[in-house]
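# Observations on chain architecture
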Amino acid sequence: MTPSVLTAKNPEFMRHVWLELSLHRMIGLPIIIGLLCLMVWYMDNGPNDFSGVSKMVMLIAPWFIVWGSHLASESLLGEVRGQTWHAQRMSALSPWQLVWGKLLGSTLFTWYGVIWCLLIYLSVSSEAWPLRAALALFVVLAGLLLQALTLLFSLRSINRMGLSGRNQSFPYVILVLLMLAPWFVGALANINTPALWNGMEIPKTIFINASALLFLAWALLGLYRLMRVELQMRQGFIVWLVFELFLMVYMAGFFVDVAFLNLHDPWSVTLAIAFLLAVTIAYLMFFLEDTTALDIKRGLIALRAANGKELVQLIPCWLVSLALALLVLPFFLISSQLLELANSVFFLLSLLLFAVRDFILLLWVRFRPHFKPSNRVAMVVYLTCSYSILPAIFFAANTQEWLALFLLPLPEQAYPLIQWPILLLEIGAAYWLLLRRWQQVSDVS
Amino acid sequence: MMQVRNVCFEYPQLRALNQVSLDIRKGTITALVGPNGAGKSTLLRILAVLTRPFSGSVKINACDVFLNPREAHRNIGFLPDFFGLYDSLTVKQCLTYFALAHGLPRLQVSAAVTRASDLLQLTDRMMQEAGSLSRGLRQRLAIAQAIVHQPQFLLLDEPASGLDPEARHSLADVFLRLKKEGVTLLVSSHILSELDAYCDDMIVLRQGKIVDHQHNTLQNHAQLWLALELLTPSATARQDAINQIKLIANTGAIHETKTGVRFLFDDDAHKRQQLLRTLIAHEVPVLSFYEYQSSLQDAYLATQETP
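Attention in this report is confined to the structure presented alongside it. The model shown is predicted, which means the values in this text are computed figures rather than measured ones.

Calculation rules
- Residues numbered from 1 in each chain as written.
- Chains lettered and ligands numbered in written order.
- Predicted model: local features only at pLDDT ≥ 70, side-chain atom pairs only at ≥ 80, totals over all residues.
- Heavy atoms only, no water.
- Helix = DSSP H or I, 4+ residues; strand = E, 2+ residues; numbered from the N terminus.
- Expected span 1.5 Å × (residues − 1).
- Bend = angle between axes of the 7 residues up to and from the residue.
- Buried < 20%, exposed > 50% of the residue type's maximum accessible area, 1.4 Å probe, protein only.
- Pairing = 2+ DSSP bridges.
- 1 Å grid on protein atoms, 1.4 Å probe; cavity = no way out; pocket = protein on both sides within 12 Å on 5 of 7 lines; lining within 4 Å.
- Points joined across faces, edges and corners; volume = space filled by probe spheres on them.
- Nonpolar A, V, L, I, M, F, W, Y, C, P; charged D, E, K, R; others polar.

Residue and element names in this part refer to chain A. A rise of 1.5 Å per residue sets the reference length of helix 4 (residues 51–81), with its 31 residues, at 45 Å; its end C-alpha atoms lie 44 Å apart and thus fit the reference within 8%. Remark: the principal bend of helix 4, roughly 35°, maps to serine 75. Immediately downstream of helix 4, the backbone of glutamine 83 shows phi near 60°, a positive value.

As a further point, take the pairing of strand 7 (residues 153–157) of chain B. Residues and elements named next belong to chain B. The buried fraction of strand 7 is high, at five of five residues. Of the two faces of strand 7, both are covered, the one formed by Phe153, Leu155 and Asp157 as well as the one formed by Leu154 and Leu156. Where strand 6 (residues 76–79) lies against strand 7, four bridges are found, and the strand directions are parallel. Bridging across to strand 7, glycine 77 finds its partner in leucine 154.

In this section: helix 13 (residues 293–304) of chain A. Residue and element names in this part refer to chain A. The first and last C-alpha atoms of helix 13 sit 16 Å apart over 12 residues, in line with the 16 Å expected at 1.5 Å per residue. Those residues of helix 13 that sit buried are Ala293, Leu294, Lys297, Arg298, Gly299 and Ala302. At the C-terminal side of helix 13, alanine 306 shows a positive phi close to 55°.

Glancing now at empty space enclosed by the protein. If you walk through the whole model with that rule in mind, you get one cavity of 30 Å³ or more. Forming the walls of the largest cavity are 18 residues, and the residues nearest its centre are Ala87(A), Phe78(B), Ala142(B), Gln145(B) and Ala146(B). For the lining of the largest cavity, the elements supplying multiple residues, two or more each, are helix 5 (85–89) of chain A together with strand 6 and helix 5 (135–147) of chain B. Per-element tally for the lining of the largest cavity: the top contributor is strand 6 of chain B, with four residues. Looking at the lining of the largest cavity, its residues break down into 10 nonpolar, eight polar and no charged.

Remember that the coordinates give geometry; whether it matters functionally is a separate question.
Structure representation (structure tokens):
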């Protein structure tokens, strides 16, 4: 589709075309890229050596993409800052129009730069054509994924905090990107060795492009759903559930060929990974969703009114993840031959009890009448101390057996008869605290 | 017709709206008044389908807006108290964007833009960037954006705040023109004097509750108010006057003014004569006694005295 067709279909995209594309920018950018290429070509070894040029454009393209991520995030946060977001929410633009209008519209100029870089790379690279095309495709898919993720996190912050939600998601996404960078570099360096997934050897170029495409599709679906929420449209949790199931299968695929928690049966490994993933995602989503006492109250009102449609859309994703962990557990118990692998089973059950205790305590902090961002830091500190600093001290003191009782479940030290009563007591105490706070915050003037 | 039933909304430890129910009559201008923190802006955001209430329903022409929010948005225009414009776009681009964003067919966009710009008297500014407009013109452009799709309802939150008297006057003209075009307006404002110029109905919101909803407010109150000015408006003299007024008429609304008192009174000449005679007989120092042209402010203040 040409830009004119796109603008006809989407006013939001059209607005960005008005703002982003000007004749001097359209002419100036290729000239600058061309001059840089010329400079590097002169510095290369002879007129037929384009290796420097192809490396340079493949370094510039990610820079354009990162810049585009910032613009994608700003396309939303800028609306909030500029107080135009309400007007957009009041329009008849569909959630999907808003999503792709912002995602492609705000990054239009940076993609113009990326396209120039990729065209030059495809023309001068010395790699074989299939690899050249696969790498170019990866740049496009990974770029779109990164930009979709920054927009997604910006939208999430607005969803949660309304017009005060001006959190810049861009730096966090870049931080995650930097953390993942070594893995990417490693994968690209060994591009010719196949990827091992679910017992299958898959050519790495196909695997990384397929993965990027799948995650891009999920990111776009996530954006669409969050945009629906912003436009006051109803939303259930089924898609989230399906996403988690996808993630479980995808992640387990990397572990089925290696021993994991003393498990060797692929099904047990898959289910153990699924369980751990569900619990981990529940923790992450708790912080991302930021469930407040008012959300719970809204849910209770819907429950009392037997308003199932309202109730379904109020169920937080972290609760869905926790419920999924609970659902996965019996399957794991059956598949892992309970008696032989008692330790692993006890370990996962203990982990679940630890998680329940943590969530009750986290809610207790979150329900503070005058909750401040610093309280969120306190929650992170609590989790960090519980699961990293204090365990490290116990390990250093060689007293791991105490660790397993209060702070961190360990696979090799599962003592259900001692551990579980203590944990149940902790859960009871935490629940009592939460109830008291609930009574405090549910009183209104 | 917009129907609101039993709407509740809460902020942490504060019930912002408590069982709010009201009907907005078609083709009227309704003033939404109340002190700061009464819940006016929250109510407007709920009516604009931008915030979901905890409970209750909002219906436009018998259709629940929260079941089909995008359809509702086609029928509603909203100008929030703090609004922004796309400063880098021209007035024409702004209006064209919103006409398209509101789903108008391309062939109708140009006519809709012309109509909105004519109505808001922006025709000679079409090629000017929004960022370079004055406060009053920005306000007009924001309203033009909100009505470019010809909504049935226009909700305005403090539309006159920050405007000079001339711009306020021109805004009143705009509202009357919109009403003439068949648009139903709900205007929230603190400046009650300006609402006099155009409002038909008045809703008073206090501590999240509707304490009064008056139809044809000005007509109802214009004939009923009397003013009594005292030669020596001391507290004792005022109290004497109030006592006598209360004896003659069972009025709920008596306001003390700088020079005397102002009160609601039956439209009965004999009773009025009897009151004057009684006041003089009781040596209340009457300086003047006349019919007072009631304002929306009086109507609002009267609601404060209603238990």
